[in-house]
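# Summary of the model geometry
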Amino acid sequence: MTFEQELYQRIDEVLHYLWDPIGVAREPFARDEYAAYVPEVFGLVAEGAGEQQLMGYLLQVEGDAMGLAARPSHARRIAEMLVEWRDVLEQKYSETP
């Protein structure tokens, strides 16, 4: 697995199981519910976006695309987690021979 592949997978998992703005993480039939957002988040994370930019995107999706109330503290935690995954994977793949 490459850095990009693993990062993409981790982003998909974080969005589905942890971000989960509409509460479908426990529904097997809804596993791809947030798949449309993964490429954009991946692009942001891979390009080095910070927590604020990621948080802004997540809040925009929740509000504009889904019509939900803003959850800034939750979006901040998810953004922090995405940045942390990028950092961990960058270190992991820089150490690979």
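For the structure, check the block above.
Our subject in this report is the structure included herewith.

Basis of the calculations
- Residues numbered from 1 in each chain as written.
- Predicted model: local features only at pLDDT ≥ 70, side-chain atom pairs only at ≥ 80, totals over all residues.
- Heavy atoms only, no water.
- Helix = DSSP H or I, 4+ residues; strand = E, 2+ residues; numbered from the N terminus.
- Buried < 20%, exposed > 50% of the residue type's maximum accessible area, 1.4 Å probe, protein only.
- Axes fitted to C-alpha atoms, helices over the stretch in contact; angles between N-to-C directions.
- Parallel < 35°, antiparallel > 145°, perpendicular 65-115°, else oblique.
- Contact = heavy atoms within 4.5 Å.

What follows deals with the environment of Leu-59. Tracing the backbone through its elements, the reader meets Leu-59 in helix α3 (residues 51-65). In this structure Leu-59 comes out as partly exposed when scored by relative accessible area, which is 22%. Along the backbone, Leu-59 and Pro-72 are 13 residues apart, and their C-alpha atoms lie at a distance of 7.0 Å.

Looking now at the environment of Met-55. Considering the arrangement of structural elements, one finds Met-55 in helix α3. With a relative accessible area of 9%, Met-55 lands in the buried category.

We now examine the packing of helix α2 (residues 38-46) against α3. With their axes 10 Å apart at the nearest point, α2 and α3 run at an angle of 170° to one another. It follows from the interaxial angle that α2 and α3 lie roughly antiparallel. For the pair formed by α2 and α3, the contact residues are Glu-40, Val-41, Leu-44 and Val-45 on the first element and Gln-53, Leu-54 and Tyr-57 on the second.

On to α2. Three or more residues of α2 are buried, namely Val-38, Val-41, Phe-42, Gly-43, Leu-44 and Val-45. On its buried face, α2 is in contact with α1 (3-19), α3 and α4 (72-94).

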